[in-house]
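As a plain string of letters, each chain reads:
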Amino acid sequence: MKQLSQAQFEFLQGVFGADKVNSGDSARKLHGRDFSGHPSHLPAVVVWPQETGQISRLLAWAQEEAVPITPWGAGTSTEGNPIPLAGGVVVDMVEMNRVLNLWPQDMQVEVEAGVGFQDLNHSLRHEGLFFPPDPGAWATIGGMIANNASGIRTVKYGMTKDYVQELEVVLPGGRVIDTGNRAHKSSSGYDLARLFVGSEGTLGIVTRAVLRLAGMPEHFLAVVAGFPSTNAACQAVTELIRHGTDPAALELLTPPLARLLNRVNGLDLPESPLLFMEFVGFSARSLEEVLEIAREVCAELGAQGFEAGLGKVNRDRIWSARNAAAETIKQTHAGLEIMITDAAVPMSAYEELIAFSEQQVTGSGQVGYVFGHAGDGNLHLVWMGDPKDPAQWQKLEQANRAIVEKAIDLGGTATGEHGVGMGKSKFMLAEHGASMEVMAQIKDTLDPKGIMNPGKIFPAASTGVHSS
Ligand SMILES: Cc1cc2nc3c(=O)[nH]c(=O)nc-3n(C[C@H](O)[C@H](O)[C@H](O)COP(=O)(O)OP(=O)(O)OC[C@H]3O[C@@H](n4cnc5c(N)ncnc54)[C@H](O)[C@@H]3O)c2cc1C
């Protein structure tokens, strides 16, 4: 749906106010694509709700008129998740950004879905609390819930799903439900709150969330170690976890990325397979003990450089370079588009997946950088290519497919954290088999007219398992 009728447009102005409805070219283009190389699709109009009641009226109307609806957080997805494939209305949540309640004793906070997680953490800084999932980019809580985002600290702190206590969700048709509760545990019926986690805006719009928080540690220790082989680096990951060092981050970088980060950021990293590690603790002494164990584990595996006790400035430089790795790769290959492989496997298979991925990069002759959240078996491979060169883009697609299929064969998943969006839907049947039919039934029950973020998660209709 590329355009709305005058009456439809006026309805939206009546609900949201004239200044919160925009069908101009620039607003539509800004909401037509995400961080990925997936092609842009423009919505007919963008709206900026201020409160849940407006969204309820919108979804009642949209179901009645069969108007496609795509929720939008910050648009930082990497699989085309918020691209409005069928046009219609994009619902930009960013103005619903209030922190509503804080319960420091319960370590819980209630927020509107459009709040940025960094802004939330900034507002919590004097409480000694924080919301740990960190996807690196400026993302909204609603987008993180919808993608079940995680990031470099997942190895210790878990994913967004682990922090969701309670959600307010507006369903297609306009019904508003409140699901979950604030108790630390509950075995009360189906866990509907978690049904919406990872649903990528295909089941409804999350408007409010009660989230768990974690205590901010007082002491940090950053370590960088270079290894003689990727195999040794991966073994170190397993051993560090098995020895109970409880790392807060364990990131693997392969030499081409280390070289790039050195060049662009003026760093001096060893240009061998590298581990970036972070440990946190309540005292400097406890961290010294952890450091000794980490040093021994790495030495036994032949680590050549083991730089520990990095000062805050160095630590921040290294972590900000790592956090910006995807941006850096994109910026240094101007004119090309990004494709990201985000498969995850059990820890025992991580080394095999990394080695296979490095072979795919070499074999394809394309630009690709291998790295990953090694502590949770999550590979990232950032490919750069030109979608306007079909032969070249196809080579990337083939290599990406080979890696994802390998990950699934190894007992893993097509996507560790970025979600399915448009890019990974073709792998859903291979990964989920008959469960896909159950997912389609859930989708059809909650969204019988298929208005919510159409074209995402489910494979194309030709596969036989799709939602209406
Ligand atoms: C440089 C870079 C690095 C990244 N690194 C990581 C990483 O380490 N880990 C990781 O997990 N991700 C990573 N990402 C991906 C991305 O940042 C996350 O997936 C993030 O959670 C997306 O949030 P967003 O607010 O941008 O949501 P959007 O991209 O706007 O939307 C994401 C999905 O959520 C839906 N949605 C948005 N708001 C709502 C709502 N209120 N209710 C229902 N559905 C909604 C959208 O329709 C879409 O399907 C990275 C992205 C970039 C650009």
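Note that the structure is predicted; figures quoted are calculated from it, not measured.

Peer 1: Account for the site of the ligand, naming residues and giving values.
Peer 2: In the vicinity of the ligand, 34 residues are found, and the nearest of them are Pro-71, Gly-73, Thr-76, Ser-77 and Pro-135. Val-206 is positioned with one of its backbone polar atoms (N or O) 2.9 Å from a nitrogen atom of the ligand. Here a nitrogen atom of the ligand and a side-chain polar atom of Glu-417 are 2.9 Å apart. The protein chains hide 96% of the 980 Å² of surface that the ligand would expose on its own. Sorting the residues of the shell around the ligand by element identifies β3 (69-72), α5 (141-147) and β10 (205-212) as the ones contributing at least two each. Ranked by the residues each element gives to the shell around the ligand, the list is headed by α5, at 5 residues. When its residues are assigned to classes, the shell around the ligand shows 15 nonpolar, 17 polar and 2 charged.

Peer 1: Account for the domain arrangement of the protein chain, naming residues and giving values.
Peer 2: What the domain assignment reports for the protein chain is domain 1 (6-94), domain 2 (95-215), domain 3 (219-323) and domain 4 (326-426). Taken together, the 12 residues of domain 1 in the interface contact 14 residues of domain 4. Both sides of the domain 1 and domain 4 interface together cover about 1100 Å² of buried area, and 58% of this is carbon and sulfur. Inspection of the region where domain 1 meets domain 4 yields 2 salt bridges.

Peer 1: Explain the pattern of salt bridges to me, and be specific about the residues and the numbers.
Peer 2: All told, the structure shown has 20 salt bridges when counted by the stated rule. One salt bridge in this structure joins Glu-112 and Arg-98, with 2.9 Å as the shortest N-O distance. With Glu-112 in strand β6 (residues 108-112) and Arg-98 in the loop between β4 (89-92) and β5 (99-103), the pair connects residues that are 14 residues apart, well separated along the chain. Accessibility expressed as a relative area gives 6% for Glu-112, which makes it buried. In this structure Arg-98 comes out as partly exposed when scored by relative accessible area, which is 49%. The shortest N-O distance in the salt bridge between Arg-208 and Glu-168 comes to 3.6 Å. You can see Arg-208 sitting in strand β10 and its partner Glu-168 sitting in strand β8 (residues 164-170), a full 40 residues away along the chain. Within this structure, Glu-110, Glu-168, Asp-178 and Arg-208 form a network of salt bridges that share partners.

Peer 1: Provide a residue-level description of the packing of helix α8 (residues 230-242) against helix α13 (residues 350-364), including the pertinent values.
Peer 2: Contact pair α8 / α13: the axes reach a minimum separation of 9 Å and the direction vectors enclose 150°. When the axis of α8 is compared with that of α13, the two are roughly antiparallel. Taken as a pair, α8 and α13 cross one another with a handedness that is right-handed. Across from Thr-230, Asn-231 and Cys-234 in α8, the residues of α13 making contact are Tyr-350, Glu-351, Ile-354 and Glu-358. Residues belonging to the contact of α8 with α13 are distributed by class as follows: 3 nonpolar, 2 polar and 2 charged.

The rules behind each value
- Residues numbered from 1 in each chain as written.
- Predicted model: local features only at pLDDT ≥ 70, side-chain atom pairs only at ≥ 80, totals over all residues.
- Heavy atoms only, no water.
- Near = heavy atom within 4 Å.
- Polar contact = N/O pair within 3.5 Å; in protein donor to acceptor, adjacent residues only side chain to side chain.
- Areas by Shrake-Rupley, 256 points an atom, 1.4 Å probe, with all protein chains shown as cover.
- Helix = DSSP H or I, 4+ residues; strand = E, 2+ residues; numbered from the N terminus.
- Nonpolar A, V, L, I, M, F, W, Y, C, P; charged D, E, K, R; others polar.
- Domains from an automatic or database assignment.
- Contact = heavy atoms within 4.5 Å.
- Buried area = accessible area lost by both parts, 1.4 Å probe.
- Salt bridge = Lys/Arg side-chain N within 4 Å of Asp/Glu carboxyl O.
- Buried < 20%, exposed > 50% of the residue type's maximum accessible area, 1.4 Å probe, protein only.
- Axes fitted to C-alpha atoms, helices over the stretch in contact; angles between N-to-C directions.
- Parallel < 35°, antiparallel > 145°, perpendicular 65-115°, else oblique.
- Left-handed = near helix turned anticlockwise from the far one by under 90°.

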